[in-house]
Amino acid sequence: MNPIFSRLSIFYFRLQPYLGRFIILVNITVFLLIPLIIDIRAEAQTSSDSTAEFKKLAAQLSTARLDGAAESAASEEMALGILDKLAIALLNGPVSPDVDAANRRMADLVSHVPPIGENYRFVRLGGSPASYALVVNFGLSGPAAVRIYSNSSGHYALAARIDHFVEKDFFDSDVELIPVSAADPVFVIVAGRTDDLATGMFTAWRFDGRRAVPLWSSDLLQQSSYEADGGGFHLTYCSEPDEDHPAVCRKMTRDVYGLQAGEWKRLETQDLGPAKVTPK
């Protein structure tokens, strides 16, 4: 017999028990992985279905208000519920929440092309551990809402909501949210600044760990601009508009607001004199 074939036969004989074990191990591994693969595919399909359902609901909510139809609290809450699930999954990832990455994911949810007036954006609020707000604008003329998620037991969950179904005076048009303090979850919601005169309403809120508490609200202010820094919330606006010439302002005013001893206060005010503001 050829010595080479003899050695191969001996090698194969010695390897047989190991080959059997290897085949058994492979079969067990495949058996264990099949449910996982099925779950991953099912989860991906569920995520795709949820995204499609959300876009459909968002488009309906925007169209209903634009057409003057009756608004459905159930439809809005269903759409917000889908956002909640996605938001909580993003916040409870294996690493600390990445606001930029989360907002890129949220940008995939827009139902209008181009997404005029439609956006879904995370904002980090002050405090420790940090809370996060999700600012929701369902589209041109559509409703808006704010959802707040907090981490009270090592897991982020929905803790508070601001919408016109729970806050009857909430002006839910083209909402923006501006954090005011790094130490406290205090923020200002800016709404309605869509006309050429930048007319808007400003409301200050504080999240107390359980609910969003309103602190202050402005009137509708024309020719308004704003910014927040370590010195407070700076609000510039036309305090004496010319009714006959809307672009003309008899007196501009700048106020600075902030939280002192747990209360929202106007810290200073300054008259800036008359101004003619170029429409934006």
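Structure: above.
My aim in this report is to walk through the structure given alongside it, one point at a time. (Residues numbered from 1 in each chain as written. Predicted model: local features only at pLDDT ≥ 70, side-chain atom pairs only at ≥ 80, totals over all residues. Heavy atoms only, no water.)

## Focus on the side chain of His234
Within the secondary structure, His234 sits in strand 10 (residues 232–241). A residue is classified by how much of its surface remains accessible, and His234, at 18% relative accessible area, is buried. A polar atom in the side chain of His234 sits 3.0 Å from the side chain of Asp229. Those residues in contact with His234, other than ones at most four positions away along the chain, are Ser225, Tyr226, Glu227, Asp229, Asp255 and Val256. (Helix = DSSP H or I, 4+ residues; strand = E, 2+ residues; numbered from the N terminus. Buried < 20%, exposed > 50% of the residue type's maximum accessible area, 1.4 Å probe, protein only. Polar contact = N/O pair within 3.5 Å; in protein donor to acceptor, adjacent residues only side chain to side chain. Contact = heavy atoms within 4.5 Å.)

## Section: the state of the cysteines
This model, assessed by the stated rule, comprises one disulfide. Between the sulfur of Cys238 and that of Cys249 lies a disulfide, 2.2 Å long from S to S. Judged by the sign of its S-S torsion, about 105°, the cystine formed by Cys238 and Cys249 is right-handed. Of this pair, Cys238 sits in strand 10 while Cys249 sits in strand 11 (residues 248–260), and the two are 11 residues apart along the sequence. The exposure class of Cys249 is buried, given its relative accessible area of 1%. (Disulfide = S-S within 2.5 Å.)

## Comments concerning the nonpolar core
Among the nonpolar cores identified, the biggest contains 24 residues, and Phe54, Leu83, Met106, Tyr120, Phe122, Leu134 and Phe138 are the most heavily contacted of them. Going through the elements one at a time, helix 1 (3–66), helix 2 (73–91), helix 3 (99–107), strand 1 (118–124), strand 2 (132–138) and strand 3 (144–151) are the ones with two or more residues in this core. When sequence neighbours within four positions are dropped, the list of residues in contact with Leu134 reads Leu83, Ala87, Met106, Tyr120, Arg121, Phe122, Ala145, Val146, Arg147 and Tyr149. The next biggest cluster of nonpolar side chains, apart from the first, holds 18 residues, and it includes Val135, Phe170, Ile189 and Ala212. (Core = buried A, V, L, I, M, F, W, Y, C linked by side-chain atoms within 4.5 Å.)

## With respect to the packing of helix 2 against helix 3
Running from N to C, helix 2 and helix 3 point in directions that differ by 150°, and their axes come no closer than 11 Å. It follows from the interaxial angle that helix 2 and helix 3 lie roughly antiparallel. Where helix 2 crosses over helix 3, the handedness of that crossing is right-handed. Facing helix 2, whose interface residues are Leu83, Leu86, Ala87 and Leu90, helix 3 presents Ala102, Arg105 and Met106. Partitioning the contact of helix 2 with helix 3 into residue classes produces six nonpolar, no polar and one charged. (Axes fitted to C-alpha atoms, helices over the stretch in contact; angles between N-to-C directions. Parallel < 35°, antiparallel > 145°, perpendicular 65-115°, else oblique. Left-handed = near helix turned anticlockwise from the far one by under 90°. Nonpolar A, V, L, I, M, F, W, Y, C, P; charged D, E, K, R; others polar.)

## Description of the sheet that holds strand 8 (residues 212–217)
Here we have four strands laid out as an open sheet, ordered 5-6-7-8, and antiparallel in their pairing. Edge positions in the sheet fall to strand 5 (176–179) and strand 8, since each has one partner strand and no second. Sheet twist, expressed as the average angle between the axes of neighbouring strands with direction ignored, equals 30°. With four bridges connecting them, strand 5 and strand 6 (residues 186–191) associate as antiparallel partners. If you follow Leu177 over to strand 6, its bridge partner there is Ile189. (Pairing = 2+ DSSP bridges.)

## Here's the deal with helix 3
One full turn of an α-helix is made of 3.6 residues, so residues set three or four places apart face in the same direction. Among the residues making up helix 3, those that are buried are Ala102, Asn103 and Met106. Buried residues along helix 3 cover an arc of 100° about the axis, so they all sit on one side. Across from the buried face of helix 3, at angles greater than 90 degrees, the exposed residues are Asp100 and Arg104. Residues of helix 3 that are buried in the fold lie against helix 2, strand 1 and strand 2. By the N-cap criterion, in which a side-chain oxygen at the helix start approaches the backbone nitrogen of a residue two or three places on, helix 3 is capped by Asp98, the distance to Asp100 being 3.1 Å. (Arc of directions from axis to C-beta.)

## Section: helix 2
The end-to-end C-alpha distance of helix 2 is 26 Å, a good match for the 27 Å that 19 residues give at a rise of 1.5 Å each. When we look at burial in helix 2, the residues that qualify are Glu76, Ala79, Leu80, Ile82, Leu83, Asp84, Leu86, Ala87 and Leu91. (Expected span 1.5 Å × (residues − 1).)

## Overview of the sheet that holds strand 3
Pairing is antiparallel across the open sheet formed by four strands, whose spatial order is 1-2-3-4. On the outer flanks of this sheet lie strand 1 and strand 4 (156–162), each paired with one strand and no other. If you compare each strand with its neighbour and ignore which way they point, the axes differ by 20° on average. As defined by bridge partners, strand 2 adjoins strand 3 across six bridges and the pair is classed as antiparallel. For Val136, the partnering residue across the bridge sits in strand 3 and is Ala145. Along the sheet face, helix 2 touches strand 1, strand 2, strand 3 and strand 4 and points at about 35° away from the line of strand 3. Contacting strand 1 and strand 2, helix 3 runs over the sheet at an angle of about 165° to strand 1.

## Structural notes on the packing of aromatic side chains
Counting across every chain of the model gives 10 aromatic pairs. A centroid spacing of 5.2 Å and a plane angle of 75° characterise the contact between Phe54 and Tyr120, whose relative ring orientation is edge-to-face. Taken together, the residues span a long stretch of sequence, with Phe54 in helix 1 and Tyr120 in strand 1 at a distance of 66 residues. Of the two residues, Phe54 and Tyr120, both sit in the buried class. Between the aromatic rings of Phe54 and Phe138, the centroid separation amounts to 6.2 Å while the plane-to-plane angle is 40°, which identifies the pairing as tilted. You can see Phe54 sitting in helix 1 and its partner Phe138 sitting in strand 2, a full 84 residues away along the chain. Classification of Phe54 as buried rests on a relative accessible area of 0%. Under the relative-accessibility criterion, Phe138 is labelled buried at 0%. Through successive ring pairs, a cluster of aromatic residues spans Phe54, Tyr120 and Phe138. (Phe/Tyr/Trp six-rings, centres within 6.5 Å; stacked < 30°, edge-to-face > 60°.)

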